[in-house]
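Structural overview
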Amino acid sequence: MELITEDCPTNPIDPYGRSKLMIEQILADFAVIYGLNYVVLRYFNAAGAHESAEIGEDHNPEKHLIPIVLQHLLGQRDKISVFGTNYDTPNGTCIRDYIHVTDLAKAHILALEALLSGKKKTAVYNLGNGLGYSVKEVIKTCEKVTGRKAFVEYTDRCLGEPARLVASSQKIYEELGWKAEYLLEGIIASAWKWHSRHVK
Ligand SMILES: O=c1ccn([C@@H]2O[C@H](COP(=O)(O)OP(=O)(O)O[C@H]3O[C@H](CO)[C@@H](O)[C@H](O)[C@H]3O)[C@@H](O)[C@H]2O)c(=O)[nH]1
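Rules behind the numbers
- Residues numbered from 1 in each chain as written.
- Predicted model: local features only at pLDDT ≥ 70, side-chain atom pairs only at ≥ 80, totals over all residues.
- Heavy atoms only, no water.
- UniProt positions renumbered as here; feature names shortened; annotations may be inferred.
- Helix = DSSP H or I, 4+ residues; strand = E, 2+ residues; numbered from the N terminus.
- Buried < 20%, exposed > 50% of the residue type's maximum accessible area, 1.4 Å probe, protein only.
- Phe/Tyr/Trp six-rings, centres within 6.5 Å; stacked < 30°, edge-to-face > 60°.
- Lys NZ or Arg CZ within 6 Å of the ring centre and 35° of its normal.
- Core = buried A, V, L, I, M, F, W, Y, C linked by side-chain atoms within 4.5 Å.
- Axes fitted to C-alpha atoms, helices over the stretch in contact; angles between N-to-C directions.
- Parallel < 35°, antiparallel > 145°, perpendicular 65-115°, else oblique.
- Left-handed = near helix turned anticlockwise from the far one by under 90°.
- Contact = heavy atoms within 4.5 Å.
- Nonpolar A, V, L, I, M, F, W, Y, C, P; charged D, E, K, R; others polar.

For the protein chain, the name recorded in an unreviewed UniProt entry is UDP-glucose 4-epimerase, with [Anoxybacillus] calidus as its organism. Entered under Cofactor (unreviewed entry) in the UniProt record, the comment concerning the protein chain runs "NAD(+)". Taken verbatim from the UniProt record of the protein chain, the Pathway (unreviewed entry) comment is "Carbohydrate metabolism; galactose metabolism."

Spelled out as structure tokens, the structure:
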């Protein structure tokens, strides 16, 4: 399986991606001119909720896959749409690298400690699991965690969606000792706990 490393060429396809890359470039310029120390953390698909079930994901409108599936399984949506089934992946649906918010938070602490201790002056790190899950696998895992059955419709692809985005987080593991602890089932279980307690 081919993993995306920090050295892979960056080629954002939308303004959001371009804005993130611009910030990285500005940080690098500042480091040269003003001696700024910084760590860039490149999140893959942030997901899940805090184990207390007090902090969770609530977008309006919701566009992210896991919350959409869980809202459907709670009866808040009548169906789930899967955007595209003919991608070049084993089951034809897109593969993403879902990473738990608590794992992301821990990476921030390690990055700050590395900057404060002087261990790192500048660095760019990917934050992912190194494990890709397809849209169909996410839906299946949501069904397993909740014990409920989803109603799924298959629609056309969304414009400009890459088939597969999976990170290598080897660099931050080697340099700061960070490793994702949550796998997909744990991510979804934490999100389910939050969603079930915050039904609108
Ligand atoms: O109702 C839905 C919602 C999503 N998807 C698919 O599920 C996958 C994951 O979708 P989502 O959770 O929305 O994540 P991404 O589309 O990978 O979006 C990530 O990448 C975007 C671009 O960087 C960021 O804007 C988002 O915050 C970040 O989660 C993608 O293949 C989507 O096409 C569906 O099939 N049906």
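Focus on unusual backbone geometry
A cis amide bond, omega 0°, links Asn-60 with the succeeding residue Pro-61. If you trace the backbone, Pro-61 turns up in the loop between β2 (45–47) and α2 (65–73). The phi torsion at Ala-53 lies on the positive side, around 65°, for a residue other than glycine. Looking at the element boundaries, Ala-53 is found in the loop between β2 and α2. Exposure remark for Ala-53: the relative accessible area of 3% places this residue in the buried category.

Quick word on the packing of aromatic side chains
Scanning all chains against the criterion turns up 1 aromatic pair. On the numbers, 4.8 Å between centres and 50° between planes, the contact of Phe-30 with Tyr-34 is tilted. In this pair, Phe-30 and Tyr-34 are both assigned in helix α1 (residues 15–34), 4 residues apart and thus about one turn of the helix distant. Overall, the relative accessible area of 60% leaves Tyr-34 in the exposed class. Arg-157 extends its terminal NZ or CZ atom over the ring of Tyr-87, reaching a point 4.0 Å from the ring centre.

A few points about the nonpolar core
The tendency in soluble globular proteins is for nonpolar side chains to be buried side by side. Ranked by size, the top nonpolar core spans 24 residues in total, and within it Ile-66, Tyr-98 and Val-138 carry the most contacts. Formed by 14 residues, the second largest nonpolar core is a distinct cluster that contains Leu-104, Ala-107, Ala-123 and Ala-180.

Remarks on the packing of α2 against helix α4 (residues 135–146)
At a closest axis distance of 10 Å, the pairing of α2 and α4 adopts a crossing angle of 40°. Considered as vectors, α2 and α4 are oriented oblique to each other. The chirality of how α2 crosses α4 is right-handed. Of α4, the residues touching α2 (which contributes Leu-65, Ile-66, Val-69, Leu-70 and Leu-73) are Val-135, Val-138, Ile-139, Cys-142, Glu-143 and Thr-146. Across the contact of α2 with α4, the residue classes tally to 9 nonpolar, 1 polar and 1 charged.

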